[in-house]
Amino acid sequence: MSNAVTLKKEYQDRIVPALKKEFAYTSVMQVPVLQKIVINQGLGIATADKKIIDVAIDELSLITGQKAVATYSKKDISNFKLRKKMPIGVMVTLRHEHMYEFLERLVRVALPRIRDFRGIESKLDGRGNYTLGIQEQIIFPEINIDNITKILGMNITFVTSAQTDEEGYALLREFGLPFKNIKKN
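These remarks concern the structure in this document. Quantities reported herein were computed from a predicted structural model and do not represent experimental measurements.

Here we take up the pattern of salt bridges. Following the criterion strictly, the structure yields 5 salt bridges and no others. Residue K9 pairs with D13 through a salt bridge whose shortest N-O separation is 3.0 Å. Of this pair, K9 and D13 both sit in helix α1 (residues 3–23), 4 residues apart, roughly one helical turn. You can call K9 partly exposed: its relative accessible area is 43%. Classification of D13 by relative accessible area gives partly exposed; the value is 48%. Here E174 ties to R173 by a salt bridge, and the two come within 3.4 Å at their closest N and O atoms.

Turning to the pairing of strand β3 (residues 87–94), a few remarks are in order. Both strand β1 (residues 34–42) and β3 contribute to a ladder of 6 bridges, which runs antiparallel. Across the sheet, residue N40 finds its bridge partner in β3, namely M91. Pairing of strand β2 (residues 69–72) with β3, which is carried by 4 bridges, proceeds in the antiparallel orientation. Directly across from Y72, in β3, lies its bridge partner P87.

Okay, the sheet that holds β2 next. Pairing is antiparallel across the open sheet formed by 5 strands, whose spatial order is β2-β3-β1-β5-β4. Each edge of the open sheet carries a strand with a single partner, namely β2 and β4 (130–134). Ignoring strand direction, the axes of neighbouring strands in this sheet form an average angle of 25 degrees. In terms of strand pairing, β4 meets strand β5 (residues 154–160) through 5 bridges, oriented antiparallel.

All chains considered together, the criterion is met by 4 aromatic pairs. With a centroid separation of 6.3 Å and an interplanar angle of 20 degrees, the aromatic rings of Y130 and F158 are classed as stacked. Placement of Y130 in strand β4 and of F158 in strand β5 is noted, with a sequence separation of 28 residues between them. Of the two residues examined, Y130 and F158, each falls in the buried class. The structure contains a cluster of three or more aromatic residues connected by ring pairs, namely Y11, Y100 and F175.

In this section: helix α2 (residues 51–64). Between its first and last C-alpha atoms α2 spans 20 Å; for 14 residues at 1.5 Å apiece the expected length is 20 Å, and the two agree. Every buried residue of α2 is accounted for by I52, I53, A56, I57, E59, L60, S61, I63 and T64. Buried residues along α2 sit in contact with β1, β2, β3, α3 (96–110) and β5. Positive backbone phi, approximately 80 degrees, marks G65, located one or two places after α2.

The next thing to look at is the nonpolar core. What tends to happen in soluble globular proteins is that the nonpolar side chains get buried as a cluster. Counting 49 residues, the largest nonpolar core has I37, L106, F140, I156 and F158 as the members making the most contacts within it. Those elements giving two or more residues to this core turn out to be α1, β1, α2, β3, α3, β4, β5 and α4 (165–174). Ranked by residues supplied to this core, first place goes to α3 with 7 residues. If we ignore the near neighbours within four places in the chain, the residues touching I156 are I37, V38, I39, F102, L106, Y130, T131, L132, I134 and F140.

Cut-offs applied
Residues numbered from 1 in each chain as written. Predicted model: local features only at pLDDT ≥ 70, side-chain atom pairs only at ≥ 80, totals over all residues. Heavy atoms only, no water. Salt bridge = Lys/Arg side-chain N within 4 Å of Asp/Glu carboxyl O. Helix = DSSP H or I, 4+ residues; strand = E, 2+ residues; numbered from the N terminus. Buried < 20%, exposed > 50% of the residue type's maximum accessible area, 1.4 Å probe, protein only. Pairing = 2+ DSSP bridges. Axes fitted to C-alpha atoms, helices over the stretch in contact; angles between N-to-C directions. Phe/Tyr/Trp six-rings, centres within 6.5 Å; stacked < 30°, edge-to-face > 60°. Expected span 1.5 Å × (residues − 1). Contact = heavy atoms within 4.5 Å. Core = buried A, V, L, I, M, F, W, Y, C linked by side-chain atoms within 4.5 Å.

Now the structure itself:
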């Protein structure tokens with residue numbers, strides 16, 4: 001049985017009843033669900049060096065187990081030497097099994113490898129979604145440190161069906177995200 005299946009099963013068996021009790025939901029359908037995880041790398045430095053995009057795509061594909069795609073600029077900005085439709089970032093959207101598998105690896109393996117790690121901020125966006133900024137891609141065990149030419153950061157966005165920040169926070173807390181100040185209602 002893979003990790004993704006166990007985390008999905010844990011959601012159904014443990015997290016749903018816990019949240020249903022905590023927020024006094026009348027139906028299982030009211031319980032918030034993790035819809036997708038979007039990993040994004042903004043690479044403004046790629047305007048000078050085109051190979052950075054290819055390296056970033058390979059690294060992000062390795063980390064997530066799903067092919068990453070380049071993102072392109074929408075307009076010309078001369079101050080940044082940027083032309084329309086130039087590659088300036090890399091992203092991947094994870095859903096279903098890939099999403100649960102990545103979340104499991106993030107919480108159990110990658111986050112504990114961060115130097116001086118004391119938990120993540122508990123600030124959500126107002127609609128129950130959460131974005132986590134990571135400074136270095138080398139915290140993921142899939143990345144071979146010897147092959148790294150440039151340290152790249154990334155944003156990991158957890159998109160939930162929660163209506164409020166409290167519900168989204170409770171869902172992500174139950175999934176095991178190590179928030180700094182665990183607040184119980």
